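# Structural overview for review
This is what each chain is made of:
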Amino acid sequence: TGANLTIDPAPLTVTAEAKSKIYGDADPELTYMADGFKRTDTKESVMSGALERAAGENAGTYAISQGTVTAGNNYTISYTGADLTINRKEIGLSWGTTAFTYNGLAQVPEATATGLVDGDSCDVTVTGAGTDAGSYTATASALSNSNYKLPAEGTKDYTIGRAALSVTTPDAEKVYDGTPLSAAGSITGLVNSETATLAAAGTQTKAGSSTNAYSISWDGTAAEANYEIASETLGTLTVTPKEVTVSGITAASKRYDRSAAAVLNYDSVVISGMIAGDDLSVRATGTFEDEKAGRDKNVNITGITLMGKDAANYKLAASGNQSSTTADITRISSGGSSGTTTVKGYVGSVGGTWNQDGSNWSYTYLDGHRAEGWNYLYYNGRSDWYYFDGAGLMQTGWIDWEENRYYLNPVSDGRKGALLTGWQLIDGNWYYFEPVRGRNQGRMYRNESTPDGYTLGPDGAWTGSSGARE
């Protein structure tokens, strides 16, 4: 009885190889290893078909199955699977602006993912936001798409600059009143409703002008470190002089001295409009209406000048200032009841006493004061002009007075010291002196012609023109 030989399929071990790829790339070829071939069989001669993997394209792990792989009827496959791993794709980063200006809010650069698969989107989360002005580092910390991963270098340095402020202060003006002038300005550029106080730092008290300066007090919600002054428009503080009027100037009476000059007295001066406590005084020029003797003569007041350490803060009003006062010019006595004198052999009735000390002569009035300057005195039966220095000594010869020259008789001929007039021969030269009272009597002529037609040189000496002098 015959029998059959049964040939069973040989066992064949098929082991899939693990595979990987980057998200978005094409799948790699799925491969496997086979072991257990008989005789001359090989993988290439026996096996056919292809492995398959689980469906899906997102990053993750996908099982590789036997799929359609077969070794024919001669083998029974024992299959060991593996996985296809889809790894996350590393993105690139494109950073936005890295230079900010302080705005009171948190700020950080934006980062944009680059290198995405077509049609994908991926938001980048950035940490490290800063608020105050300063330097910072931003970090890309998370992605919205799990198929991607951050690059190894995911940071960016950035800065927040100070916000720009503009300060404006106004012009201001007032008349001097002894108190400081100031005017507050304004500040623009504070952000996010922050506050600070702009205070007037400039003041002008005295007459003049100065810049209207300012100061900022960081006493609100704004911090000084977050701001900088970008522009200033500063006004000017101007204090103008205060107008005053002057009254109460008096003039001192004097003895007749051939001059209209008057001495003013300021003891009773009233400066109307002056601020209490200020140092202010006045000076002026007083001039009698003429040089003649008389009572209650008009004295013109001119050239009123404000003086004192506060004078620059004032000015004279255009009207309302004192322009005149009155005073006396008393006559010089040409006689008196003091008796007679025989000094130097002369006899005459005098209003005082001539005194001799060696070669010096002086004159003492009945009230005890010594004659100084020009004095019209009686001597030897006549009255003449004499000139005494500050010590009260009678002068002789040439004297200069108020830009003119005069000649006082130097000879002891009964008129020593008397003012000479008309033609005089002095040291070999002829000179001419004004003979008429009221016309600066005794003044030496020079650079002009005499009433009788003679020309005098710059030194007053006759030049020889228009005839000869005898």
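Residues numbered from 1 in each chain as written. Predicted model: local features only at pLDDT ≥ 70, side-chain atom pairs only at ≥ 80, totals over all residues. Heavy atoms only, no water.

### Some remarks on the overall build of the protein
Threshold: Elements are defined by DSSP. Helices are runs of H or I of four residues or more, strands are runs of E of two residues or more, and each kind is numbered from the N terminus. Each residue is assigned to one of three classes by its accessible area relative to the maximum for its type, calculated with a 1.4 Å probe on protein chains only: buried under 20%, partly exposed between the two thresholds, exposed over 50%. For this analysis, residues touch if any pair of their heavy atoms sits within 4.5 Å. For accessible areas, the Shrake-Rupley method is used with a probe of radius 1.4 Å. Any residue's cover is judged against the shown protein chains and nothing else. When charges are counted, Lys and Arg are positive and Asp and Glu negative, with His and the chain ends excluded. The atoms used to mark charge sites are NZ of Lys, CZ of Arg, CG of Asp and CD of Glu.
Assigned secondary structure in the protein consists of one helix and 45 strands. Taken along its principal axes, the extent of the C-alpha atoms in the protein is 215 × 55 × 40 Å. Looking at the protein residue by residue over its 470 residues, the buried ones come to 34%. For the protein, restricting intrachain contacts to residue pairs at least 6 apart in sequence, the fraction spanning at least 24 positions comes to 53%. On the protein, roughly 25300 Å² of surface is accessible, and the fraction owed to carbon and sulfur atoms is 45%. The averaged location of the 53 negative side-chain charges in the protein is 14 Å from the averaged location of its 35 positive side-chain charges.

### Brief notes about the sheet that holds strand β29 (residues 270–272)
Basically, it comes down to this: At least two bridges found by DSSP between two strands are what make those strands a pair. Interaxial angle, 0 to 180 degrees, is taken between N-to-C directions of lines fitted to C-alpha atoms, where a helix line uses only the stretch in contact.
If you trace the three strands from one edge of the open sheet to the other, you get β29-β24-β32, paired in mixed fashion. Either end of the sheet is taken by a strand with one partner, and the two such strands are β29 and β32 (314–316). For this sheet the average axis-to-axis angle between neighbouring strands, irrespective of direction, equals 40°. Of the strand pairs in this sheet, strand β24 (residues 242–247) and β32 are connected by three bridges, and their pairing is parallel. Its bridge partner being in β32, V244 is matched across the sheet by L316.

### Things to note about the packing of aromatic side chains
Condition: Any Phe, Tyr or Trp ring, taking Trp's six-membered ring, that has another such ring centre within 6.5 Å forms a pair; planes under 30 degrees apart are called stacked, those over 60 apart edge-to-face, and the others tilted.
Inspection of every chain in the model, using the stated rule, returns 29 aromatic pairs. Ring centres 4.9 Å apart and planes at 70° place the aromatic pair W354 and Y379 in the edge-to-face group. Placement of W354 in strand β36 (residues 352–357) and of Y379 in strand β38 (residues 373–379) is noted, with a sequence separation of 25 residues between them. The class for W354 is buried, based on a relative accessible area of 4%.

### Here's the deal with the nonpolar core
This is how the line gets drawn: Only buried residues count toward a nonpolar core, which is a set of Ala, Val, Leu, Ile, Met, Phe, Trp, Tyr and Cys residues joined through side-chain atoms within 4.5 Å.
Residues W95, Y102, V124, V126 and Y227 are the most contacted members of the largest nonpolar core, which totals 27 residues. Secondary structure elements with two or more residues in this core: β11 (111–114), β12 (124–127), β13 (134–143), β15 (155–161) and β16 (163–168). Of all the elements, β16 adds the most residues to this core, at three residues. Sequence-distant contacts of Y227, defined by excluding residues within four places in its chain, comprise Y102, R162, A163, L165, G189, L190, V191, E194, W218 and A222.

### A closer look at the side chain of N226
Here N226 lies in the loop between β21 (214–217) and β22 (227–233). Look at N226 and you get buried, because its relative accessible area is 3%. Filtering out sequence-adjacent residues up to four positions away, N226 remains in contact with Y102, D132, A133, R162 and A163.

### With respect to the pairing of strand β37 (residues 360–365)
Two strands pair when backbone bridges link them, and β36 and β37 are joined in this way by six bridges, in the antiparallel orientation. Bridge pairing in β37 links G352 to Y365. In textbook terms, the turn of a hairpin is the stretch between consecutive antiparallel strands, and for β36 and β37 this stretch comprises two residues, one of which, G358, has a positive phi near 65°.

### Observations regarding the confidence of the model for the protein
As a reminder, the rule being used: pLDDT is defined as a per-residue confidence score from the predictor, taking values between 0 and 100.
For the protein, mean pLDDT is 91; residues scoring 70 or higher make up 95% of the total. Confidence drops under a pLDDT of 50 for residues 333–350, and excluding neighbours within four residues, the segment shows 41 contacts in the predicted structure.

### Quick look at the environment of V282
Take V282: it is sitting in strand β30 (residues 281–288). In this structure V282 comes out as buried when scored by relative accessible area, which is 3%. Not counting residues within four places of it along the chain, the set of residues in contact with V282 comprises V246, I249, Y266, V269, I271, I304, T305 and L306.

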